[in-house]
Structures are given as C-alpha cells and as structure tokens.
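Commentary on secondary and tertiary structure
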Amino acid sequence: AYDGDQALLLQILCGAAQPPPENPDQIRFIELSEEDQGERGMIDPWGNPVHIVADWSGDGRVSVGTKILDEKIAVWSDGPDGKNESGSGDDITSW
C-alpha cells in the first residue's frame, strides 16, 4: 500500500515529468489542481489528507483498517469530522 507515501503515489498517478519506474510512460491517471494537493499529498474539502491504498501484489484486494476489500485501489476521506475511521462513520469512500 502507498498510504504512507502519498507523494510518490501521486507522482505515479499524475504522470510526473520525471516518472518513477512504476509509470515510465508518464500516463496521466488523474489531474489535480494545486488546491487539491497538500504537503503530504491529496487533501479533501475539509483540509485533511486523502487516504489511498493500492493492490501492488496483484491479488485484487486491499486492506483498509481491519477490512479486506475486493478492490485494486481504495480511496477515502476522513469526512467532515476529520477522523480517520477507515471508511466507516462519516468517511467518504470510493468503494
């Protein structure tokens, strides 16, 4: 999972000019404005970091908190209360 190194993941997904080896063809999967990015990566409308985990093992599953999801990538925001509830509570999720 890249949850701990969001800056690298964003370079990969945004097709960085000096691409990491995971995206050598500089394919742009997402486009973010400067206001959507914080010092630690993508931020939500409440100013909190967005969490991203990806399936780099190729088994089609990711771990979010204590949950195992049948997803290749999972993205969630802490929601209005600013608490990371691993996709529960008022968190806003991609799954």
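None of these values were measured; they are calculated from a predicted model.

Rules behind the numbers
- Residues numbered from 1 in each chain as written.
- Predicted model: local features only at pLDDT ≥ 70, side-chain atom pairs only at ≥ 80, totals over all residues.
- Heavy atoms only, no water.
- Helix = DSSP H or I, 4+ residues; strand = E, 2+ residues; numbered from the N terminus.
- Buried < 20%, exposed > 50% of the residue type's maximum accessible area, 1.4 Å probe, protein only.
- Contact = heavy atoms within 4.5 Å.
- Areas by Shrake-Rupley, 256 points an atom, 1.4 Å probe, with all protein chains shown as cover.
- Phe/Tyr/Trp six-rings, centres within 6.5 Å; stacked < 30°, edge-to-face > 60°.
- Core = buried A, V, L, I, M, F, W, Y, C linked by side-chain atoms within 4.5 Å.
- Polar contact = N/O pair within 3.5 Å; in protein donor to acceptor, adjacent residues only side chain to side chain.
- Pairing = 2+ DSSP bridges.

**Digging into the overall build of the protein**
The helix and strand tally for the protein stands at one helix and seven strands. Secondary structure elements in the protein, listed N-terminal to C-terminal, are α-β-β-β-β-β-β-β. Here the protein holds 95 residues, and 34% of them are scored as buried. Within the protein, contacts between residues separated by at least 24 positions form 26% of all contacts whose residues are at least 6 apart in sequence. With the model as given, the accessible surface of the protein reaches about 6,000 Å², and the carbon-plus-sulfur share is 47%.

**Describing the packing of aromatic side chains**
In the structure shown here, the tally under the stated rule is one aromatic pair. When the centroid spacing of 5.9 Å and the interplanar angle of 75° are considered together, the rings of Trp76 and Trp95 count as edge-to-face. Here the residue Trp76 occupies a position in strand 6 (residues 73-77), and Trp95 occupies one in the segment after strand 7 (92-93), the gap between them amounting to 19 residues. Overall, Trp76 belongs to the buried group, its relative accessible area being 4%. Looking at Trp95, the relative accessible area reads 31%, which means it is partly exposed.

**Some remarks on the nonpolar core**
Among the nonpolar cores identified, the biggest contains eight residues, and these are Leu9, Leu10, Leu13, Cys14, Leu32, Met42, Val50 and Ile52. In terms of nonpolar packing, the next biggest core, distinct from the first, is built from six residues, Val62, Val64, Leu69 and Ala74 among them.

**A word on the environment of Asp55**
For Asp55, the position within the fold is in the loop between strand 3 (51-54) and strand 4 (62-64). As a C-alpha pair, Asp55 and Ile73 span 18 residues in sequence and 6.1 Å in three-dimensional space. Not counting the four nearest positions on each side in its chain, Asp55 is found in contact with Gly60, Arg61, Val62, Glu71 and Lys72. At 2.9 Å, the side chain of Asp55 forms a polar contact with the backbone nitrogen of Gly58. Of note is the side chain of Asp55, whose polar atom sits 2.6 Å from the backbone nitrogen of Gly60.

**Structural notes on the pairing of strand 6**
Of the pairings in the sheet, the one linking strand 3 to strand 6 comprises four bridges and is antiparallel in character. Residue pairing across strands places Ala54 opposite Ile73, the latter belonging to strand 6. Two strands pair when backbone bridges link them, and strand 6 and strand 7 are joined in this way by two bridges, in the antiparallel orientation. Each residue of the ladder has a partner; that of Trp76, found in strand 7, is Thr93.

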